[in-house]
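Descriptive structure summary
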Amino acid sequence: MTAMDVQNPLLGETTCGSLLQQLQQVWDEVGESDEDRDKMLLQIERECLDVYRKKVDQAVKSRAQLLKVLADANVELSSLLSALGVNTVVGIPEKTSGTIKEQLAAIAPVLEQLCKQKEERLKEFSDVQTQIQRICREIAANSSLNDQASVVDESDLSLKKLEKYQAQLQELQKEKSERLHKVHEFVSTVHDLCSVLGMDFLETVTEVHPSLNDSTIVQSKSISNVTLSRLAKTVLALKEDKKQRLRKLQELAGQLIDLWNLMETPDEERRRFDHVTCNVSASVDKVTIPGALALDLIEQAEVEVERLDQLKFSRMKEIAFKKQAELEDIYARAHVEIDTEAARGKILALIDSGNVEPSELIADMDSQIVKSKEEALSRKDILDKVEKWMSACEEESWLEDYNLDENRYNASRGAHLNLKRAEKARNLVNKIPAMVDTLVGKTRVWEEERGLTFAYDGVPLLAMLDEYAMLRHEREEEKKRQRDQKKFHEQINTEQEAVFGSRPTPARPPGTKKVVGPRGANGGGANGTPGRRLSLSANGNRSINKDGKRDARPVAPVNYVAISKEDVASYVSGSDPVPSTP
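Computed from a predicted model, the values in this text were never measured in an experiment.

Criteria and cut-off values
- Residues numbered from 1 in each chain as written.
- Predicted model: local features only at pLDDT ≥ 70, side-chain atom pairs only at ≥ 80, totals over all residues.
- Heavy atoms only, no water.
- Helix = DSSP H or I, 4+ residues; strand = E, 2+ residues; numbered from the N terminus.
- Contact = heavy atoms within 4.5 Å.
- Areas by Shrake-Rupley, 256 points an atom, 1.4 Å probe, with all protein chains shown as cover.
- Buried < 20%, exposed > 50% of the residue type's maximum accessible area, 1.4 Å probe, protein only.
- Polar contact = N/O pair within 3.5 Å; in protein donor to acceptor, adjacent residues only side chain to side chain.
- Expected span 1.5 Å × (residues − 1).
- Axes fitted to C-alpha atoms, helices over the stretch in contact; angles between N-to-C directions.
- Parallel < 35°, antiparallel > 145°, perpendicular 65-115°, else oblique.
- Nonpolar A, V, L, I, M, F, W, Y, C, P; charged D, E, K, R; others polar.
- Disulfide = S-S within 2.5 Å.
- Salt bridge = Lys/Arg side-chain N within 4 Å of Asp/Glu carboxyl O.
- Phe/Tyr/Trp six-rings, centres within 6.5 Å; stacked < 30°, edge-to-face > 60°.
- pLDDT = per-residue confidence, 0-100.
- Left-handed = near helix turned anticlockwise from the far one by under 90°.

**Focus: the overall build of the protein**
Per the secondary structure count, the protein includes 17 helices and four strands. Relative to all contacts within the protein whose residues are 6 or more apart in sequence, the contacts with residues 24 or more apart total 69%. Roughly 37000 Å² of accessible area belongs to the protein as shown, and the carbon and sulfur atoms make up 52% of that amount.

**Concerning the environment of serine 359**
With respect to the helices and strands, the residue serine 359 is situated in helix 13 (residues 358–404). According to the relative accessible area criterion, serine 359 is partly exposed, its value standing at 36%. Remark: the alpha-carbon pair of serine 359 and aspartate 309, spanning 50 residues in sequence, is separated by 8.9 Å.

**Things to note about the environment of isoleucine 298**
Assignment of secondary structure puts isoleucine 298 in helix 10 (residues 295–314). According to the relative accessible area criterion, isoleucine 298 is buried, its value standing at 6%. C-alpha separation for the pair isoleucine 298 and leucine 246, spaced 52 residues apart in sequence, amounts to 9.3 Å. Sequence-distant contacts of isoleucine 298, that is, excluding residues within four places in its chain, are made with Arg245, Lys248, Leu249, Leu252 and Leu293.

**Here we look at the side chain of threonine 443**
Within the fold, threonine 443 resides in helix 15 (residues 432–450). Residue classification places threonine 443 among the buried residues on the basis of a relative accessible area of 0%. A polar contact of 2.6 Å, which involves the side chain of threonine 443, links it to the backbone oxygen of leucine 439. Every residue in contact with threonine 443, bar those within four places of it in the chain, is listed here: Ile382, Phe454, Leu461 and Leu462.

**Considering helix 5 (residues 159–197)**
When the terminal C-alpha atoms of helix 5 are compared, their 56 Å separation across 39 residues agrees well with the 57 Å that a helix rising 1.5 Å per residue should span. Just past helix 5, the residue glycine 198 takes up positive phi, approximately 70 degrees.

**Details of the packing of helix 14 (residues 415–430) against helix 15**
One way to put it is that helix 14 packs onto helix 15 with a least axis distance of 4 Å and a crossing angle of 40 degrees. Taken together, helix 14 and helix 15 sit at an angle that is classed as oblique. Where helix 14 approaches helix 15, its residues Leu428, Val429 and Asn430 are matched on the opposing element by Ile432, Pro433 and Met435. Here the residues of the contact of helix 14 with helix 15 are counted per class, giving five nonpolar, one polar and no charged.

**Remarks on unusual backbone geometry**
In the Ramachandran plot, histidine 335 falls in the positive-phi region, its phi being about 60 degrees despite a non-glycine side chain. Structurally, histidine 335 can be placed in the loop between helix 11 (316–333) and helix 12 (340–353). Under the relative-accessibility criterion, histidine 335 is labelled buried at 10%. In this structure, aspartate 457 is a non-glycine residue whose phi angle is positive, near 55 degrees. For aspartate 457, a relative accessible area of 5% gives the class buried.

**Some thoughts on the state of the cysteines**
What is meant by a disulfide is a covalent connection between two cysteines, made through their sulfur atoms. This model, assessed by the stated rule, comprises zero disulfides. Unpaired in terms of disulfides, cysteine 16 finds its nearest cysteine sulfur in cysteine 48, a separation of 6.0 Å.

**Notes on the pattern of salt bridges**
In total, this model carries 24 salt bridges according to the counting rule given. Between lysine 323 and aspartate 366 there is a salt bridge, with its nearest N and O atoms 2.6 Å apart. Of this pair, lysine 323 sits in helix 11 while aspartate 366 sits in helix 13, and the two are 43 residues apart along the sequence. Residue classification places aspartate 366 among the partly exposed positions, given a relative accessible area of 29%. Arginine 450 is paired through a salt bridge with glutamate 449; the nearest N and O atoms lie 3.2 Å apart. Look at arginine 450 and you get partly exposed, because its relative accessible area is 37%. The network of salt bridges with common partners includes Glu396, Glu400, Arg472 and Arg475.

**Describing the packing of aromatic side chains**
Here the structure, examined in full by the defined rule, presents five aromatic pairs. Ring centres of tryptophan 260 and phenylalanine 273 lie 6.3 Å apart, and the angle between their planes is 50 degrees; on these two criteria the pair is classed as tilted. Of this pair, tryptophan 260 sits in helix 7 (residues 225–263) while phenylalanine 273 sits in the loop between helix 8 (267–270) and helix 9 (274–277), and the two are 13 residues apart along the sequence. You'll find tryptophan 260 and phenylalanine 273 in the same group, each marked buried. Between tryptophan 389 and tyrosine 468, the aromatic rings sit 5.3 Å apart at their centres with planes inclined by 85 degrees, giving edge-to-face as the arrangement. Linking tryptophan 389 in helix 13 with tyrosine 468 in helix 16 (residues 461–500), this pair joins segments that are 79 residues apart in sequence.

**Overview of the confidence of the model for the protein**
Overall, the prediction assigns the protein a mean pLDDT of 77, with 79% of residues at 70 or greater. Here residues 1–11 is a poorly scored stretch, pLDDT under 50, and it has nine contacts once near neighbours within four places are set aside; other chains count. Segment residues 520–582: pLDDT under 50, and 106 contacts once partners within four positions in sequence are set aside and those in other chains are kept.

**Structural notes on the packing of helix 7 against helix 10**
Viewed as axis vectors pointing N to C, helix 7 and helix 10 meet at an angle of 30 degrees, and their least axial separation amounts to 10 Å. Taken together, the axes of helix 7 and helix 10 lie roughly parallel to each other. Note on packing geometry: the crossing formed by helix 7 with helix 10 is left-handed. On the side of helix 7, the interface is formed by Arg245, Lys248, Leu249, Leu252, Gln255, Leu256, Leu259, Trp260, Leu262 and Met263, while helix 10 contributes Leu295, Leu297, Ile298, Ala301, Glu302, Glu304, Val305, Leu308, Asp309, Leu311 and Lys312.

**Topic: the environment of lysine 424**
Mapping lysine 424 onto the fold places it in helix 14. Each C-alpha atom, one on lysine 424 and one on glutamate 395, is 8.9 Å from the other, the two residues being 29 residues apart in sequence.

Now the structure itself:
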């Protein structure tokens, strides 16, 4: 067989045997000795062993590397499962089986899936922690946290820990929202207060923090504890300032109103300060009009009050006499007697002397007016009952005149009205004793509490009531005597009729002695409407009329019995009757 035959692929594959056979042929042709042939075969055998040995070493090395990769893959798998908090993953072989490459092929997709999941989880942790740090930085107002990147602990990327961070983030977001709401409320309150006080809102709010400007985005506004604290202090300061300004403005408004009323300022001039007086009784929360408490407005009111004060000093006499007239009117309505001429002379002397400050004089008169009102109020209950008593006495006087009218039952015009009035008058007259007793009791209590005598137009009320009770008692005795006398006359007339055969001409009944009431004692008009003057003096002293002025006319004393001449003649005729001729 030639060399061409050995290499010919058509004769079969080249093998070690075919090559050795070809080598034998070459040696034969060359004529190599057996010894050389043996050496060369030994050398070939050694070279073959070296090749096998190298291949085996390479195979062992490759297996070791694969085992190491498999071990690393298992470690990484365990680490990923532990970090992700996963106990098992679908696709991992439960038991170690198959070749190394088969095991690696089975683990590789699981590792790829877990690595991808880890990257996603890391991103989620990083986002959550970054937001947490940002909100914490906003709350703490610590700018040093800006440079600190969020560091994620890769050893624990479990869902439980992620949910914990997410819950923390939600709490912080809620707190941030609440803080933003508080900031908005504070800023809104500052805006309203600055508007009412006439202050620059932007300047005020930017002093707290520059981010609170209206032009900034809501989310970028500072929500730190320091900002909230400053806003709260600013609101408190503005509210206190508002309260102080309102108090000052109300004081000025009250002074303006008092001065206007005192000097009778026209409405047109008053309307110029409606923006001041409109808040005279308003509460702090009700004042919301922009500029209502501005400093220039308060200064304007102060200037006006000062101007009116100076004007008031120039009109002091007029004002003082007006106050005195008010005081006299209060005392007159309360039926308290005062010396008006002396009081006015004293006021005039004080003003002319210049020894007293006009404001002090007005204040003193105002104090007297307050005291007089208090005194009038303390007398009101008794005075109301005195008025009722006087009205009852007037009705009693009218009823007596009505009973003396012989034509009262005639069918004349208005007779039925008089009958009704007489019925009401009888009921009222029956209540007079109780009225007097009540008045006496209340008057004594009043006098004991104050240690003073209760006078009615200068006359002690208790003395007046005692006098009235005495006259009423005398009147009852007089009525009783007249009734007895009438019976006596009737008896004599009956005897004369039996003797002479006819009745004598009846004499006019004697006049009834009327009890003069507290009004009737001082004169009065017709129909039981006497003037409202009162006097208890038996010497005809001057009385006090309803206007609180003295009446110069002398009046009859309380115990004076008003009987007409005709009644006197009738009384004389009735007491000594003359029998008629038969």
